[in-house]
Amino acid sequence: MTIFVTGGAGFIGSNFIFYMLKKYQSYKIVCIDKLTYAGNLSTLEPVMNYSNFRFVKLDICDRKGVYELFEEEQPDIVVNFAAESHVDRSIKNPEIFLQTNIIGTAILMDACRKYGNIRYHQVSTDEVYGDLPLDRTDLFFTENTPIHTSSPYSSSKASADLLVLAYYKTYGLPVTISRCSNNYGPYHFPEKLIPLMIVNALNNKLLPVYGEGINVRDWLYVEDHCKAIDLIIHSGIIGEVYNIGGHNEMKNIDIVKIICKELGKPESLITFVEDRRGHDMRYAIDPTKIYTELGWLPETTFAEGIRKTIQWYLDNQEWWEDIISGEYQNYYKKMYGNLEEV
Ligand code: NAD
Ligand code: DAU
């Protein structure tokens with residue numbers, strides 16, 4: 001069995017590669033990654049020398065390169081994590097999101113069609129459903145919730161989902177889609193809420209919370225997401241969409257306070273900054289389908305997961321220090337101005 005994992009040098013893709021290599025020692029995993037600012041080859045260092053692992057630096061929008069690799073490796077399954085993934089960056093510069101997230105998806109599926117109707121899994125997001133009101137805690141996203149996007153990022157992911165379903169209906173490509181809630185865990189790029197707050201707190205820098213900090217996200221430990229994808233690619237029903245989430249809704253401000261407490265840092269580091277444009281209020285997944293059809297349930301509680309995550313950032317300072325000393329500095333200045341140390 002050969003599995004192509006695109007975007008495997010990023011946060012969730014790398015966690016998925018580690019999980020799969022450990023669980024299926026007879027599988028070959030080929031990681032395809034363009035190594036954008038979010039891709040980090042050092043993350044894959046521990047598996048680089050495995051005989052059943054190969055890393056290929058490649059843009060999923062490079063049709064010729066993608067076709068050549070499919071021809072050479074003849075994969076059985078493609079799992080597409082490769083994407084521009086940060087909402088704030090999509091608000092500042094949407095174009096690359098359309099290119100990678102939509103065109104890249106189409107090129108991968110064209111390759112799947114060309115080289116033997118290969119099984120394709122699209123890693124999507126709960127953001128395609130838009131948001132829910134804060135005062136309607138009885139409402140959740142199901143797989144039948146209409147697509148209703150807010151940001152260029154979520155619109156590009158929704159467009160990709162529609163293309164995937166079109167390739168299923170029109171060409172009979174064997175596809176599945178998973179739409180997961182917010183992940184957290186090791187190797188999370190420190191532009192996203194949880195790792196940004198951990199890294200800033202460790203550096204005694206201010207903790208920028210958008211608006212009033214009352215927006216709600218539904219957090220899932222990354223390994224639980226990887227387990228769900230493993231189940232879907234092996235036992236999921238072709239043509240189906242599966243929501244993934246563990247009923248763990250939390251306000252942003254509460255997450256930041258937990259991080260302060262765990263690190264022994266004062267809440268006075270918290271600073272409220274200008275809100276994100278089009279900021280979605282609340283995400284909440286109903287995971288009934290994946291539970292009843294595939295038996296998936298999250299295994300890591302938030303209390304356990306956030307401690308493991310914080311410990312990982314304490315133990316792997318070099319990993320994130322390398323990131324924040326580079327191009328990240330320019331992004332940070334553009335995004336947050338001159339938020340200083342205190
Ligand atoms: P990430 O930004 O950490 O990693 C993305 C990876 O894709 C990077 O390694 C990057 O180099 C690579 N990449 C980008 N453009 C590429 C291209 N054109 N060709 C090849 N590689 C390219 O993202 P992540 O948080 O790990 O998210 C992975 C996937 O999961 C994305 O599709 C995202 O939409 C989805 N998702 C993320 C979350 C979350 O909470 N992070 C939740 C649900 C779904
Ligand atoms: O829901 C799944 C999505 O989760 C994925 O599809 C995306 O790829 C992933 O980035 C994530 O999107 P969010 O926008 O929810 O994540 P982010 O970490 O950027 O922000 C989480 C919340 O925290 C959101 O309400 C905005 C807020 N926030 C974020 C940052 C970076 C702040 O208050 N301050 C910040 O500095």
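In the block above lies the structure referred to throughout.
Residues numbered from 1 in each chain as written. Chains lettered and ligands numbered in written order. Predicted model: local features only at pLDDT ≥ 70, side-chain atom pairs only at ≥ 80, totals over all residues. Heavy atoms only, no water.

1. Side note on the site of ligand 1
We apply this condition: The nearness test applies per residue and asks whether one of its heavy atoms lies within 4 Å of the molecule or strand. Polar contact is defined as a pair of N or O atoms within 3.5 Å, subject to the rule that within protein one atom must be able to donate a hydrogen and the other to accept it, and that residues adjacent in sequence are counted only when both atoms are side-chain atoms. Computed by Shrake-Rupley with a 1.4 Å probe, the accessible areas treat only the displayed protein chains as cover when residues are assessed. Each helix corresponds to a stretch of at least 4 residues labelled H or I by DSSP, and each strand to a stretch of at least 2 residues labelled E; elements are numbered beginning at the N terminus.
The environment of ligand 1 is made up of 28 residues, and the closest members are I12, D33, S85, Y153 and K157. Take G10: an N or O atom from its main chain is 2.9 Å from an oxygen atom of ligand 1. Within the contact set of ligand 1, a nitrogen atom lies 3.0 Å away from a backbone nitrogen or oxygen of K34. Relative to its free-state accessible area of 840 Å², ligand 1 is covered by the protein chains to the extent of 96%. Going through the elements one at a time, α1 (11–23), β5 (119–125) and α5 (152–171) are the ones with two or more residues in the shell around ligand 1. By residue number, the principal contributor to the shell around ligand 1 is β5, which donates 3 residues.

2. Thoughts on the sheet that holds β5
What counts is decided by this rule: Strand pairing is assigned whenever DSSP detects at least two bridges linking the two strands. Orientation is described by lines fitted to C-alpha atoms, with helices fitted over the stretch in contact, and by angles between N-to-C directions that extend from 0 to 180 degrees.
In space, the 7 strands of this open sheet follow the order β3-β2-β1-β4-β5-β6-β11, with parallel pairing throughout. Of all strands in the sheet, those with a lone pairing partner are β3 (53–57) and β11 (241–244), marking the two edges. Averaged over all adjacent pairs, the angle separating strand axes in this sheet is 20°, with direction ignored. Where strand β4 (residues 77–80) lies against β5, 4 bridges are found, and the strand directions are parallel. Among the inter-strand pairings, N80 is bridged to a residue of β5, identified as Q122.

3. Notes on the pairing of strand β6 (residues 175–180)
Residues in a regular strand project their side chains so that they alternate between the two faces of the sheet. Inclusion rule: For each residue, the accessible area found with a 1.4 Å probe, counting protein chains only, is set against the maximum for its type, and the residue is called buried under 20%, exposed over 50%, and partly exposed in between. Every crossover in which the path from the first strand over the helix to the second runs clockwise, viewed with the strands pointing away from the viewer, is termed right-handed.
For β6, the buried fraction is high: 6 of the 6 residues fall into the buried class. Residues V175, I177 and R179 of β6 are buried on one face, and the alternating residues T176, S178 and C180, pointing to the opposite face, are buried as well. With 6 bridges joining them, β5 and β6 adopt parallel strand pairing. Looking at the pairing, V123 lines up with S178 of β6. Handedness of the crossover joining β5 and β6 through α5: right-handed.

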